[in-house]
Amino acid sequence: MASKHDTDVNNLLQRREVLGPAYRLFYDEPLTPVRGEDVWLTDAAGRRYLDAYNNVPVVGHCNPRVVAAMTEQAQTLCTHTRYLDQGVLDYADALLAHFPGCLNRLMLTCTGSEANDLALRMAQACTGGQGVVVTQNAYHGVTQLLAQLSPSLAPHGPAVRTIPPPHTDDNESVAAAAARWGAHVAAAFADMQAAGIRPAALLVDTVFASDGIFPPQPGLLDDGAAAARAAGALVIADEVQAGFGRLGGPWWGFAHAQLQADIVTMGKPMGNGYPMAGVVAQEAVVHEFAHTGRYFNTFGGNPVAAAVGMAVLRELEERQLPEQAAQVGAYWRQSWQKNAAALNHAPVRGLGLYWGVEARSGEHAARVVNHMRQNGVLINNSGPGGRILKIRPPLSFQTQHVDQLMTALLGAWDVSQ
Ligand SMILES: Cc1ncc(COP(=O)(O)O)c(C=O)c1O
């Protein structure tokens, strides 16, 4: 029987003009996935690819439990948060159980951008300020406000100051690197204040993904957070990339860094593909925000979202996927060490199942990515100049998948020089 899918890439490319030129496709030869299952994507021609890139399907593509929860709730009721609904309350309790006790309120949105927007409104309500400090190649979202806070996307706005991502240099202690980063944060807020802008927030992606992937060690962000608070700003941890066990073990980047956050934003993996995002904050912060007015998000926190979110939580918990991510991540590191010479001792950074490999150049990285795609393994590149190979599979990734990934990487590395 003929496939119902169009396998003619040129035809699809032509038809895609309907979407306009702002979108970008991955890979020199674009991929046409038509089916997903766990860590696998199948294309229109029936070829299977190992997905070592997509973090949204955190519990696996088309996870049966998540799909069943979504279907059952969609067949039963889908309203919004203006009605009493037990599902969203059960979800809030279950999610907040993974947070420190002081972070005890949840508000729900549909996208990470909306979550960051809401977090910034909370910070503005609490501080009376507008100024925000972000890292120099940060990405925090697509709205007018978030684009101004996303230097990797667009020039930053007038009330925004940028700083380098925190990292320890060779042989540098965490305390010394923390002090260095803290000085950058203090200087950025001082500059802002000198321009008459009142500070509102230090906003950090806790794995510094678009800055080149720098998972912070415990304590590394402390001095920066202290500098933000000294300037009267709140600390917002953007967990859209790092959250839900991505870094292995503890569920959040801020927990790995032992950072005290005032507000935490989440998205991407929260609904395993269903558009779901949210903000967790201290009670006092949410109360202060509530003084400024009401909040209603038509779709955020609806009964289907609550059912989906709960199924994702239960999969993560019962299958112990964050713990598995820590183990599989350690296996990847060992495999890397074994093959370091063949990979020219390229710098590698990461934690759990979020890894960045520094290729020689952006061009080298792009060639590696395309070669691997041709050989059935999907990764991508990002960071400044596109030089960092980004490896970020579903958390159901296992050691045999690491072996396949490493074989493909070794095969691509040299021919792509
Ligand atoms: C760190 C970070 N924050 C926020 C966002 C925005 O999320 P969304 O695309 O759901 O609006 C992204 C998306 O890539 C992100 O990586």
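Residues numbered from 1 in each chain as written. Predicted model: local features only at pLDDT ≥ 70, side-chain atom pairs only at ≥ 80, totals over all residues. Heavy atoms only, no water.

The next thing to look at is the overall build of the chain. Looking only at helices and strands, the chain features 13 helices and 15 strands. Relative to the compact-globule value of 22 Å for 417 residues, the chain shows a C-alpha radius of gyration of 21 Å, a close match. Taken along the three principal axes of its C-alpha coordinates, the chain extends 60 × 55 × 45 Å. Sorting the 417 residues of the chain into buried and exposed places 53% on the buried side. Accessible area for the chain stands at about 18100 Å²; split by element, carbon and sulfur atoms hold 52% of it. (Helix = DSSP H or I, 4+ residues; strand = E, 2+ residues; numbered from the N terminus. Rg over C-alpha atoms; globule rule 2.2 N^0.38 Å. Buried < 20%, exposed > 50% of the residue type's maximum accessible area, 1.4 Å probe, protein only. Areas by Shrake-Rupley, 256 points an atom, 1.4 Å probe, with all protein chains shown as cover.)

Residues in contact with the ligand, as listed here, are Thr111, Gly112, Ser113, Asn116, Tyr139, His140, Gly141, Asp205, Asp238, Val240, Gln241 and Lys268. Within the side chain of Gln241, a nitrogen or oxygen atom sits 2.7 Å from an oxygen atom of the ligand. With the chains in place, 83% of the 390 Å² that the ligand exposes on its own is no longer accessible. Ranked by residue count, the leading element in the shell around the ligand is helix H4 (residues 112–127), at three residues. Looking at the shell around the ligand residue by residue, the classes come out as two nonpolar, seven polar and three charged. (Near = heavy atom within 4 Å. Polar contact = N/O pair within 3.5 Å; in protein donor to acceptor, adjacent residues only side chain to side chain. Nonpolar A, V, L, I, M, F, W, Y, C, P; charged D, E, K, R; others polar.)

To continue, consider unusual backbone geometry. One non-glycine residue, Phe208, lies in the positive phi region at around 50°. Take Phe208: it is sitting in the loop between strand S7 (199–205) and helix H7 (222–230). Judged by its relative accessible area of 0%, Phe208 falls in the buried class. Phi is positive for Ile213, which is not a glycine, with a value near 70°.

Over its 16 residues, H4 runs 22 Å from end to end, which matches the ideal 22 Å to within 8%, given 1.5 Å per residue. Residues of H4 that are buried include every one of Gly112, Ser113, Ala115, Asn116, Leu118, Ala119, Leu120, Met122, Ala123 and Thr127, and no others. Looking at the residues trailing H4, positive phi occurs at Gly128, about 75°. (Expected span 1.5 Å × (residues − 1).)

Turning to the packing of helix H3 (residues 86–96) against helix H10 (residues 303–318), a few remarks are in order. H10 packs onto H3 with a crossing angle of 30° between their chain directions and a minimal axis gap of 9 Å. Between H3 and H10, the angle falls in the class roughly parallel. Two packed elements cross with a definite hand, and for H3 against H10 that hand is left-handed. Together, Gly87, Val88, Asp90, Tyr91, Ala94 and Leu95 of H3 and Ala306, Gly309, Met310, Leu313 and Arg314 of H10 make up the contact between the two elements. (Axes fitted to C-alpha atoms, helices over the stretch in contact; angles between N-to-C directions. Parallel < 35°, antiparallel > 145°, perpendicular 65-115°, else oblique. Left-handed = near helix turned anticlockwise from the far one by under 90°. Contact = heavy atoms within 4.5 Å.)

A full pass over the atoms with the stated rule returns 12 salt bridges. When the shortest N-O distance is used, the salt bridge between Glu318 and Arg65 registers 3.0 Å. Residue Glu318 is located in helix H10, and its partner Arg65 is located in helix H2 (residues 64–76); the two are separated by 253 residues in the primary sequence. Residue classification places Arg65 among the partly exposed positions, given a relative accessible area of 32%. The closest approach of N and O atoms between Glu172 and Arg180, which form a salt bridge, is 2.7 Å. The class of Glu172 is partly exposed, set by a relative accessible area of 21%. Taking the relative accessible area as the measure of exposure, Arg180 reaches 30% and is therefore partly exposed. What emerges from the salt-bridge pattern is a single network uniting Arg65, Glu315, Glu318 and Arg319. (Salt bridge = Lys/Arg side-chain N within 4 Å of Asp/Glu carboxyl O.)

This paragraph deals with the side chain of Glu315. As for its placement among the helices and strands, Glu315 is situated in helix H10. Residue classification places Glu315 among the buried residues on the basis of a relative accessible area of 9%. Polar side-chain contacts of Glu315 include one of 2.9 Å to the side chain of Arg319. The residues touching Glu315, leaving out its near neighbours within four places in the chain, are Val59, Asn63, Arg65, Gln320 and Leu321.

Before going further, it helps to spend a moment on the pairing of strand S2 (residues 40–43). Where burial is concerned, the two faces of S2 agree: the one with Trp40 and Thr42 and the one with Leu41 and Asp43 are both buried. Of the pairings in the sheet, the one linking strand S1 (residues 33–37) to S2 comprises four bridges and is antiparallel in character. Bridging from a neighbouring strand, Pro33 pairs with Asp43 of S2. Where S1 hands over to S2, the hairpin turn is made up of two residues, of which Asp38 adopts a positive phi near 50°. (Pairing = 2+ DSSP bridges.)

Take the pairing of strand S3 (residues 48–51) next. Remember that side chains alternate between the two faces of the sheet whenever the strand is regular. When S2 meets S3, the two strands line up antiparallel, connected through three bridges. Along S3, the bridge assignment pairs Trp40 with Leu50. Of the pairings in the sheet, the one linking S3 to strand S13 (residues 377–378) comprises two bridges and is parallel in character. Its bridge partner lying in S13, Asp51 is registered against Leu378.

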